[in-house]
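Observations on the model geometry
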Amino acid sequence: MFLRCSARKKDGKEHRYWSLVENRRVAGDRVVQRHVLYLGEINDAQERQWRRTVEVFSEGENVPKTLSLFPEDCCAPVDQEEVVRLRLRDLTVRRPRQWGACWLACQLYEQLGMDRFWAALLPPSRKGTPWARVLQELVIYRLLSPGSEWRLHREWFVHSALADLLGADFSLAEIHTLYRCLDQVVAHKKALFSHLQRRWADLFGAKFEVLLYDLTSTYFESEPPFPEDDKRKFGYSRDKRSDCVQVVIALIVTPDGFPLSYEVLSGNTSDKTTLRDFLKKIEEQYGKAERIWVMDRGIPTEEVLAEMRAADPPVSYLVGTPKGRLSALEKQLLTLPWQSVREGVEVKLLPQDGELYVLAQSRDRVQKERAMRRRKLRKLWGRLKQLRAMKGLSAKELLIKIGQAKQEAGRVFSLVEIQTPETGTVDETTFWFRLRRKELRRAFRREGRYLLRSNIRNQDPVVLWHWYMQLTQVEEAFKNLKGDLGVRPIFHQKIHRIEAHIFIAFIAYCLHVTLRHRLRALAPGLTPRSVLEKFATLQMVDVHLPTTDGREVILPRYTLPDRDLRLLLHQLRLQLPSQPPPQIRNPQIATTPAM
């Protein structure tokens, strides 16, 4: 096994991607390479760490072992009553089910202390329904194979080994049990946030002085009207689905990506109206500690920022500014010198009215954004040339095709001036286009630059710039919620179950974050989804061994991990549990299930 590197140039910058590869000998004495793990971009220290791990693991494979062999007819004398004679020719293997990813998810659930936390808040019902186990089942299902509760009940549970791991049976996945569990969990949301803060601090030393705040939306295909108190409303859709009702999700995470709190808001909620209530909720739950709020430019209003400055103690903030404010301050900023705060990063500082404006410029961001702009502009220019060369194109058809090109070009479209005919056919005299050179020069100057606004006067500017760049952590959280964890489609029709559905997805995301941070420390380069897929290759089966006296010995057994998965277990410092104990049953004494 060895590391292999491949280089790729993207957006003007060279990227090096690493993979773990092993050689395998096949027919004809040929050697082929098998891709074991994709590590992505890793730094030099992480590369050395993986090389040491591969060397240690490979050396461990060649340790000789001494085995003692005994003929099967040499057995110690035992009491005949303790002997079970097996009919090996009738051996059968039944019920293959996914075990490895379920086991890993249970480990993450226990590491976060979720089992103890929910056992105290959701005791079993009078009929013995283990609500805490049902909730764990819903969370693991959302993490591994997100879908509807009906799919969990009808298909997924019986094809997983979750019943074996939780010591339960199919009653755990009874459809009405799943729905009744959803009705109980949201009431404990505030207690969960406090528990998570303690666990993040204990497990990873997480700090909560800096909070990143942003919003997203998720839509529904259901049609109104809804009850007056329903949060599904029409509003600004970040999913480009303004034709559908939606709810807005506000989320707070730390710069390291640890989720701290969230709230489900009405779909017509304006971003500017949410911050004041969130400031109050965080203060009520965690006290008046010194915190720094990092937000995008569309969230705070001037009124709320003034309240944050006037608070006792003042609430610190760092926000982006709209382009209009950059234009207003551009003349003052032009006279200021650039200050180098670290290699590749320069800033200009402009104190004004009790605040500090920081114009930050990153060399890497400049190259990246410039390469992206050039690529899109080149593509748009080529498409316009194609349209001008088309024969017999009507003015209406031209407008439709330009609209499609505009959607692909994005903001770059504003850099091109286009003249189209109102009626008739298209030719070079009626359809022409040219660059808006003034706008292009302005875009050129602003690429890779960010104007930040803060009431923190004594902080290193590069730290402020780094905090603002960490807003991508919130965007990554939204991406995982909508992608890996499949927060939609939401099939529920009652608003309290819609909120419970999002609550389950939030807990599953907490497990996702826990795994990601373990990988960052122990197996850098791997993603949580790739690791879960690797563990999903471990299956559990039931080996049935009939006996000569009419009974059956049942051996539940999970399959042994391959070499690459053993390496991953070693790297993550995980140890698989012992195989489950065998069972003996008499199939003749079986009750007929009730219909």
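Everything numeric in this text was worked out from a predicted model, so none of it was measured.

We now examine the pairing of strand 15 (residues 449–454). Among the 6 residues of strand 15, 5 are classified as buried, and the element is accordingly described as predominantly covered. Pairing analysis gives 3 bridges linking strand 9 (residues 316–320) to strand 15, with the strands arranged antiparallel. When the bridges of strand 15 are listed, Gly-320 appears paired with Leu-452. In this sheet, strand 15 lies alongside strand 12 (residues 355–362) in antiparallel orientation, the contact comprising 6 bridges. Within the sheet, the bridge partner assigned to Val-358 lies in strand 15 and is Leu-452.

Moving on, we get to helix 7 (residues 175–185). Buried within helix 7 are the following residues: Ile-175, Thr-177, Leu-178, Cys-181, Leu-182 and Val-185. Burial along helix 7 is one-sided: seen end-on, the buried residues are contained in an arc of 160 degrees. Buried residues along helix 7 sit in contact with helix 3 (114–121), helix 4 (131–144), helix 5 (149–156), helix 8 (189–204) and helix 17 (495–522). A distance of 3.1 Å separates the backbone nitrogen of His-176 from a side-chain oxygen at the start of helix 7, and that oxygen is part of Glu-174.

One pass over the full model with this rule turns up 33 salt bridges. Ionic pairing is found between Asp-164 and Arg-97, a salt bridge with its closest N-O pair at 3.1 Å. One end of the pair, Asp-164, is in helix 6 (residues 162–166); the other, Arg-97, is in strand 4 (residues 92–98), with 67 residues separating them in the sequence. Residue Asp-164 is classed as partly exposed on the basis of its relative accessible area of 34%. Taking relative accessible area as the criterion, Arg-97 reaches 1% and is therefore assigned buried. A salt bridge links Glu-330 to Arg-446; the nearest nitrogen and oxygen atoms lie 3.6 Å apart. With Glu-330 in helix 11 (residues 323–334) and Arg-446 in helix 14 (residues 437–446), this residue pair connects regions lying 116 residues apart in the sequence. Comparing Glu-330 with Arg-446 shows no difference in burial state: the two are buried. One network of salt bridges, in which partners are shared, links Arg-95, Arg-97, Asp-164 and Asp-542.

Let us now look at the sheet that holds strand 5 (residues 210–220). With mixed pairing, the 9 strands of this open sheet are ordered in space as 7-6-5-8-9-15-12-11-10. Of all the strands in the sheet, just strand 7 (259–266) and strand 10 (339–342) have a single pairing partner and so form its edges. Strand-to-strand twist in this sheet, taken as the mean axis angle between neighbours without regard to direction, amounts to 25 degrees. Sitting on the sheet, helix 10 (residues 302–310) touches strand 8 (292–295), strand 9, strand 12 and strand 15, and the angle it makes with strand 9 is about 155 degrees. Contacting strand 5 and strand 6 (245–253), helix 16 (residues 472–482) crosses the sheet at an angle of about 30 degrees to strand 5.

Turning to the environment of Phe-535, a few remarks are in order. Mapped onto the fold, Phe-535 is located in helix 18 (residues 528–535). For the pair formed by Phe-535 and Cys-102, sequence separation is 433 residues and the distance between their alpha carbons is 8.4 Å. Residues contacting Phe-535, with those up to four places away along its chain left out, are Gln-98, Gly-100, Ala-101, Trp-103, Leu-104, Leu-565, Leu-568, Leu-569, Leu-572 and Leu-574.

Basis of the calculations
Residues numbered from 1 in each chain as written. Predicted model: local features only at pLDDT ≥ 70, side-chain atom pairs only at ≥ 80, totals over all residues. Heavy atoms only, no water. Buried < 20%, exposed > 50% of the residue type's maximum accessible area, 1.4 Å probe, protein only. Helix = DSSP H or I, 4+ residues; strand = E, 2+ residues; numbered from the N terminus. Pairing = 2+ DSSP bridges. Arc of directions from axis to C-beta. Contact = heavy atoms within 4.5 Å. Polar contact = N/O pair within 3.5 Å; in protein donor to acceptor, adjacent residues only side chain to side chain. Salt bridge = Lys/Arg side-chain N within 4 Å of Asp/Glu carboxyl O. Axes fitted to C-alpha atoms, helices over the stretch in contact; angles between N-to-C directions.

These values are about where atoms sit, not about what they do.
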